[in-house]
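Reading the structure
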Amino acid sequence: MENVLSILFCLSLFYLSVTSRVKAYVTVLRVQGIILTILLVIPFLSHFSVYGIIIPATMLIVKVIYIPRYINKVILDLDIKRRIEPTIQQMVFLALVIATIVIIFFASQLLSKSTPLNVIPFASGFSAIAIGIYIIMFRKKLIVHVCGFLVLENGIFLFGTSVAFELPMLIELGTLLDVFVVVFLMGIALNRISSTFEGFEVAHLGRLKD
Amino acid sequence: MNSIFLSGSSLLLLISLAVQLLSVAVIWLIKNERKAFLAANTVLLGGMITGLASALLTALYPAPSGNIILYEWLRLDPLGLYFLSIIQLVAIPTIIYNYSYLRHHIDKKKSVKSFVTFFTTLLVSTQLLVTANHAIFFLVCWEIMSMAAYLGMIFEKEKKEVQQGSFYYVTVAHALIFILYIFFFILHEQTGSWLFSSYHLPFATETMGPVLFILALIAFGIKAGFMPFHFWLPRAHPIAPTPLSAFLSGVILKTGIYGLFRTFQFLCPVPEWCGWVVLAVSLFSAIFGVWYALAQHDIKRLLAYHSVENIGIIGIGIGLGFIGSANNLPVIMYIGFGGALLHTLNHAIFKTLLFIGSGIVYQNLGTRNIELMGGIVHRSRYLAIAFLIGSVAISGVPPLNGFISEFIIFTGFFATANELKNFYPIVMLMLVVGLAFVGGLAAACFTKVNAVMFLGSPRREIQKFNTNVFDYISLGILALLCIVIGFYPAPFVGMVNSVIGSSLVNGTASAILVDMNWMYISAIFTTIALAVFALYVLKIRHEKKYGKRVSDAWGCGYEHITPRMQYTASSFADELNTIPQSVLVYHKKVTVSDTAYPVESKFESHSDDFVDTKVLLPLFGLLKWLIAKFEFLGQTDIRYSVAFILITIIVYSLIAFLWV
């Protein structure tokens with residue numbers, strides 16, 4: 001079950017690398033949030049505990065409901081153009097993503113020989129981290145950067161569940177809070193910048209340097 | 001032992017610390033600046049006197065079951081107690097001087113609330129530092145102490161030199177604490193404990209011994225101001241407000257010495273090379289510290305270099321003790337450590353006296369340049385006398401306390417030569433010459449300071465010279481201490497002896513220090529003093545009988561002398577400073593008229609710090625140049641930054657894979 005979900009997660013990454021609509025990014029974020037929530041809920045089907053359900057519940061609220069709605073609201077409010085404006089061709093980007101994912105899967109396979117880990121979730125999480133970074137590197141729009149950062153964050157979550165030991169609850173909650181705050185700040189920053197600059201491209205942010 | 005044990009006197013100590021902290025609350029609660037300050041300073045003074053009383057009580061009646069104050073992390077062993085008493089003893093006159101110094105600033109409508117807060121924090125953290133028995137607690141106190149000193153130092157933060165000097169200080173303080181972290185982490189690693197009392201790593205059996213020793217020497221050496229690491233002293237001391245610079249030089253430097261003693265406790269018995277290293281560094285500090293001092297014109301900077309010199313003298317004592325420890329000769333340890341500990345006390349007293357004295361002069365004249373002073377003795381006779389007492393004491397001239405500790409160290413040289421034959425007598429002879437040379441230069445330097453500052457006629461018009469009773473009380477206490485220790489050293493030597501016996505030397509106790517016939521010294525000094533007094537009385541009587549003739553200073557039979565005709569500090573010191581010209585970075589500019597028409601003749605001299613200008617500044621210049629090469633990395637675009645992160649991750653992953 002875990003493996004199936006992880007592969008689904010991985011497929012969503014491929015979709016991310018070919019789509020050029022901002023709206024699709026938000027949808028994918030939502031899907032990824034749902035996948036992660038299910039992944040977190042699975043262990044509780046066998047032995048249920050009220051205490052442990054806090055994280056999936058928070059996850060559902062923050063990642064599936066609140067953040068996508070907030071991003072959509074920012075897009076609507078600021079009237080951001082719907083295209084993502086890549087800096088390299090989509091096909092090249094896809095090739096890069098595929099190469100990265102292949103390398104990561106091979107590397108994880110190698111690594112699993114020496115360390116106990118679930119190869120597929122581990123590699124998917126790692127890929128999500130890499131692709132999150134790629135999205136930030138090769139896209140111009142600030143709002144897309146936020147999405148890239150969220151993908152990266154999702155990757156870290158998946159990564160955490162795949163490692164044999166469990167992260168303490170406090171740390172996971174902390175990460176969630178971290179994401180929440182970052183998105184919030186980004187929204188505020190975008191609102192501010194919109195009153196100063198025309199576009200929402202990071203190249204303009206250089207001018208804000210002191 | 002995990003129970004709370006409180007003897008009466010250690011409870012008193014905790015109460016005194018609490019009272020001192022109370023002054024912070026007092027100053028912020030009272031609205032009126034002047035009243036708030038008076039109340040807070042009085043509370044602080046009361047707390048400090050209580051603290052000193054409790055420290056003395058603890059020393060007189062040691063607690064039966066050890067000397068733990070609170071749990072295991074606050075402890076008073078004789079060594080800590082000794083340093084605690086020094087801190088409190090010096091803090092009392094400084095706090096009294098605060099009445100005068102800060103009132104002056106309140107009159108100028110300057111808020112002193114934050115300064116009092118930081119000063120109190122500094123005092124309390126320094127007292128806690130020497131009672132700490134837990135490494136982390138020690139480090140926390142150390143950090144608070146350094147930072148409080150920094151925050152107090154920026155009292156006059158609108159001045160450019162204050163900003164620069166305090167930044168210099170805070171940088172050095174941070175570099176230092178990193179070394180200390182490493183030092184204590186290694187200690188923890190080796191012993192598995194955080195408690196000072198359980199650190200016993202005999203040097204011989206310990207592979208980390210040399211590392212620990214070098215780290216401690218660097219870290220505590222920076223704080224104490226040993227020569228290659230002294231560079232922050234001449235920058236930080238002149239710009240600090242007077243009470244703080246007095247406390248910095250008198251006490252904060254001594255925490256470095258305290259650290260060295262503690263390191264010795266952890267590592268003893270140390271091998272002989274440690275002793276030689278400390279001796280060499282110390283002799284170097286002593287000689288060049290005083291030589292640098294001779295070349296200065298800024299009175300506070302001059303005193304800062306004298307701190308380097310005196311720390312060097314203390315270090316020589318410590319080095320002797322190390323050599324004694326290596327050869328298992330308690331006699332040498334007693335003499336060496338005894339001289340060092342006593343000189344620590346003495347230096348704290350007379351350096352505080354000199355700093356407060358120079359602070360009073362600075363406050364009135366508005367300049368620290370001694371070339372612009374002169375004739376102060378006619379304005380404030382007692383200030384001149386107190387300053388003279390401090391100068392005599394710091395030069396190690398007989399009747400006062402500086403002589404006693406230097407005398408013990410000199411005795412140590414001869415004792416070492418006597419006990420360890422071989423090549424030792426020659427080396428010790430060289431050290432004797434070195435230390436005597438230091439004393440001579442110090443005397444020359446303070447001749448210059450006293451003559452130029454206090455005697456003669458003013459080189460610049462003195463508008464007003466205000467001193468008040470608090471100045472005289474604080475100066476008086478310190479001068480009296482100088483005289484008492486000089487004339488009656490026996491109880492102080494006894495105290496030092498017991499500290500060494502119980503904390504630094506294990507095994508057979510030696511009464512060498514106590515048996516040095518101190519009463520003879522007292523008798524001789526008293527006789528000399530009586531003789532001087534008799535001559536003075538004779539002089540007064542003769543003046544009454546034959547009258548007194550008054551003429552200009554440096555008159556020399558000239559008709560119309562001007563203040564410009566006086567001997568200046570630069571020309572006084574020039575001959576001596578020309579000898580180590582390159583080390584002192586001593587420049588002089590002479591403009592002489594060799595034409596028929598008289599051109600204005602000038603003589604200027606200036607000395608920079610070698611380490612500062614020839615080592616550190618080029619080093620940081622190089623660093624800046626190197627960093628400028630990587631400026632292209634400072635992209636403003638976030639995409640490049642992320643790309644760099646990715647590259648880093650890839651490199652690390654590759655390394656990890658190859659390594660596995």
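Predicted, not measured: the structure shown is a model, and the values here were computed from it.

Scoring rules and cut-offs
Residues numbered from 1 in each chain as written. Chains lettered and ligands numbered in written order. Predicted model: local features only at pLDDT ≥ 70, side-chain atom pairs only at ≥ 80, totals over all residues. Heavy atoms only, no water. Helix = DSSP H or I, 4+ residues; strand = E, 2+ residues; numbered from the N terminus. Buried < 20%, exposed > 50% of the residue type's maximum accessible area, 1.4 Å probe, protein only. Contact = heavy atoms within 4.5 Å. Polar contact = N/O pair within 3.5 Å; in protein donor to acceptor, adjacent residues only side chain to side chain. Salt bridge = Lys/Arg side-chain N within 4 Å of Asp/Glu carboxyl O. Axes fitted to C-alpha atoms, helices over the stretch in contact; angles between N-to-C directions. Parallel < 35°, antiparallel > 145°, perpendicular 65-115°, else oblique. Left-handed = near helix turned anticlockwise from the far one by under 90°. Core = buried A, V, L, I, M, F, W, Y, C linked by side-chain atoms within 4.5 Å. Domains from an automatic or database assignment.

This next bit is on the overall build of chain A. Counting secondary structure elements, chain A contains eight helices and zero strands. When the helices and strands of chain A are placed in sequence order, the string is α-α-α-α-α-α-α-α. Taking all 210 residues of chain A together, 48% fall into the buried category. Taking contacts inside chain A between residues at least 6 apart in sequence as the whole, the part at least 24 apart equals 75%.

On to the side chain of serine 474 of chain B, then. All names here are of chain B. Position of serine 474 among the secondary structure elements: in helix α16 (residues 469–487). Note on serine 474: relative accessible area 0%, which makes it buried. In terms of polar contacts, serine 474 uses its side chain to reach the backbone carbonyl oxygen of aspartate 471, at 3.0 Å. With sequence-adjacent residues up to four places away left out, serine 474 is seen in contact with Pro93, Ile96, Tyr97 and Ile356.

Moving on, we come to the pattern of salt bridges. Residues and elements named next belong to chain B. For the coordinates displayed, the defined rule picks out nine salt bridges over all chains. When the shortest N-O distance is used, the salt bridge between aspartate 107 and arginine 34 registers 2.6 Å. Residue aspartate 107 is found in helix α3 (residues 78–107), and its partner arginine 34 is found in helix α2 (residues 33–60); the two are separated by 73 residues along the sequence. With a relative accessible area of 35%, arginine 34 lands in the partly exposed category.

Next up on the list: the packing of helix α9 (residues 242–267) of chain B against helix α11 (residues 299–326) of chain B. All names here are of chain B. Between α9 and α11, whose axes approach to 11 Å, the crossing angle comes to 15°. With respect to α11, the axis of α9 lies roughly parallel. Like other packed secondary-structure pairs, α9 and α11 cross with a definite hand, here right-handed. In this structure, α9 contributes Thr242, Ser245, Ser249, Leu253, Lys254, Ile257, Leu260, Phe261 and Phe264 to the contact, and α11 contributes Lys300, Ser307, Ile311, Ile314, Ile318, Phe322 and Ser325.

Phe183, Phe184, Trp232, Phe261, Ile318, Leu341 and Phe413 of chain B are the most contacted members of the largest nonpolar core, which totals 209 residues. Among the elements that line this core, the one with the most residues is helix α12 (residues 330–365) of chain B, at 19 residues. Domain assignment of the residues forming this core places at least three in each of domain 1 (1–187) and domain 2 (568–607) of chain B. Aside from chain neighbours lying at most four places away, what touches isoleucine 318 of chain B is Ile257, Leu260, Phe261, Val278, Gly336, Phe337 and Ala340 of chain B. Among the nonpolar cores identified, the runner-up in size contains 52 residues, and Ile131, Ile135, Ile143 and Val179 of chain A belong to it.

This brings us to unusual backbone geometry. All names here are of chain B. Residue lysine 109 is not a glycine yet carries a positive backbone phi of 60°. In this structure, lysine 109 sits in the loop between α3 and α4 (113–131). A residue is classified by how much of its surface remains accessible, and lysine 109, at 77% relative accessible area, is exposed. With a phi angle near 55°, asparagine 328 is a residue other than glycine that sits in the positive phi range.

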